[in-house]
Amino acid sequence: MSGIATGANKGFIVTKRPQAKSSRKWYLVKGATESKKQPGRRVKVIRAVVRETVGYAPYERRIVEILKGGGSNPQKKAWRFAKQRLGTHIRAKKKVAEMERVASAAPQKKKTKPEKKSK
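Each residue is numbered by its place in its chain's sequence as written, counting from 1. Selection of residues for local features in this predicted model requires a pLDDT of at least 70, selection of side-chain atom pairs for listing and counting requires 80 or more, and totals for whole chains, interfaces and linings are taken over all residues. Water and hydrogen atoms play no part in the side-chain values, which are based on all heavy atoms of the structure.

Asker: If you had to explain the overall build of the protein to someone new, which residues and values would you point to?
Answerer: To qualify as a helix, a DSSP run of H or I must reach at least 4 residues; to qualify as a strand, a run of E must reach at least 2; elements of each kind are numbered from the N terminus. The helix and strand inventory of the protein stands at six helices and zero strands. Burial classes follow relative accessibility: with a 1.4 Å probe on protein chains only, a residue under 20% of its type's maximum area counts as buried, one over 50% as exposed, and anything between as partly exposed. Counting over 119 residues, the protein shows a buried share of 11%. Here a residue-residue contact requires only that any non-hydrogen atoms of the pair lie within 4.5 Å. In the protein, the proportion of contacts linking residues at least 24 apart, taken out of those at least 6 apart, comes to 35%. Throughout, the Shrake-Rupley method with a 1.4 Å probe supplies accessible areas, and for residues the shown protein chains are the sole cover considered. With the model as given, the accessible surface of the protein reaches about 11,700 Å², and the carbon-plus-sulfur share is 55%.

What follows is the structure, given as structure tokens:
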């Protein structure tokens with residue numbers, strides 16, 4: 001503490017006040033690995049209900065279309081499209097993986113020939 005305006009110890013010299021132990025430091029109690037764990041049962045149920053009610057966003061439906069469409073390397077096209085919409089490569093990969101699970105879980109529609117009406 002030098003009282004000088006620049007440097008590591010810059011600024012007005014003050015006496016430090018003792019800090020009382022606070023119960024509001026909840027974020028310091030948990031370890032770094034615990035705070036980033038998977039969502040709990042309640043959160044999963046809520047997200048599932050919302051997804052079932054609201055459905056998918058238009059860009060998510062388009063990702064599923066790209067993946068189902070095939071062509072040359074549809075996964076790469078889906079990654080590019082998702083990255084354009086979401087901003088980062090990691091988010092895009094995560095979203096495409098989620099949409100792949102959705103596309104594979106959806107029942108495949110069987111192609112049936114249209115029935116001819118008889119007079």
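Having seen it, we continue.
Asker: Quick one: what's the story with the side chain of K95, residue by residue and with numbers?
Answerer: For K95, the location among the structural elements is in helix 6 (residues 89-105). By relative accessible area, K95 is classed as buried at 13%. When neighbours within four sequence positions are excluded, K95 is seen to be in contact with R51, Y59, E60, I63 and L86.

Asker: Lay out the packing of helix 4 (residues 58-69) against helix 6 with the relevant residues and their values.
Answerer: At their nearest, the axes of helix 4 and helix 6 sit 9 Å apart, and the two run at 70° to each other. Taken together, the axes of helix 4 and helix 6 lie roughly perpendicular to each other. Crossing geometry of helix 4 relative to helix 6 is assigned as right-handed. Contact residues: helix 4 offers Y59, E60, I63, V64, L67 and K68, while helix 6 offers K95, V96, M99, E100 and A103. Note on method: axes are straight lines fitted to C-alpha atoms, helices fitted across the in-contact stretch only, with angles between N-to-C directions ranging 0 to 180 degrees. Oblique is the label for any angle not under 35 degrees, not over 145, and not in the 65 to 115 range, which are roughly parallel, roughly antiparallel and roughly perpendicular in turn. The hand of a helix crossing depends on one turn: near helix anticlockwise from the far one by less than a right angle means left-handed, and clockwise means right-handed.

Asker: Any details on the packing of helix 5 (residues 74-86) against helix 6? Residues and values, ideally.
Answerer: For the pair helix 5 and helix 6, the least separation of the axes is 8 Å and the interaxial angle reads 125°. In terms of orientation, helix 5 and helix 6 fall into the oblique class. In this structure, helix 5 crosses over helix 6, and the sense of that crossing is right-handed. Every residue of helix 6 that contacts helix 5 at Q75, A78, W79, A82, K83 and L86 is listed here: H89, R91, A92, K93, K95, V96 and E100. Amino acid classes used here: Ala, Val, Leu, Ile, Met, Phe, Trp, Tyr, Cys and Pro are nonpolar; Asp, Glu, Lys and Arg are charged; the rest, including Gly, are polar. Here the residues of the contact of helix 5 with helix 6 sort into six nonpolar, two polar and five charged.

Asker: Outline the layout of surface pockets, supporting the account with residue identities and numerical values.
Answerer: Roughly 430 Å³ of internal volume is contained in the largest pocket. Cavities and pockets were defined on a 1 Å grid built from protein atoms only: a cavity is a group of points that admits a 1.4 Å probe but offers it no way out, a pocket is an open group of points flanked by protein on both sides within 12 Å along at least five of seven lines, and a lining residue is one with an atom within 4 Å of any such point. In this structure, the largest pocket is lined by Q38, R47, A48, V50, R51, V54, G55, K94, K95, A97, E98 and R101. Of all the secondary structure elements, the ones that give two or more residues to the lining of the largest pocket are helix 3 (41-54) and helix 6. For the lining of the largest pocket, the residue count by class is four nonpolar, two polar and six charged. Grid points are joined across faces, edges and corners, and a volume is the space filled by probe spheres set on the points.

Asker: Give me the lowdown on a nonpolar patch on the surface, citing residues and values where you can.
Answerer: Together, I46, V50 and V54 make up an exposed nonpolar region whose accessible area comes to about 270 Å². For I46, a relative accessible area of 41% translates into the label partly exposed. To count toward a patch, a residue needs a relative accessible area above 30% and no salt bridge. Like charges then connect within 9 Å, nonpolar side chains (Val, Leu, Ile, Met, Phe, Trp, Tyr) within 5 Å. A pair is scored as a salt bridge if a Lys or Arg side-chain nitrogen falls within 4 Å of a carboxyl oxygen belonging to Asp or Glu.

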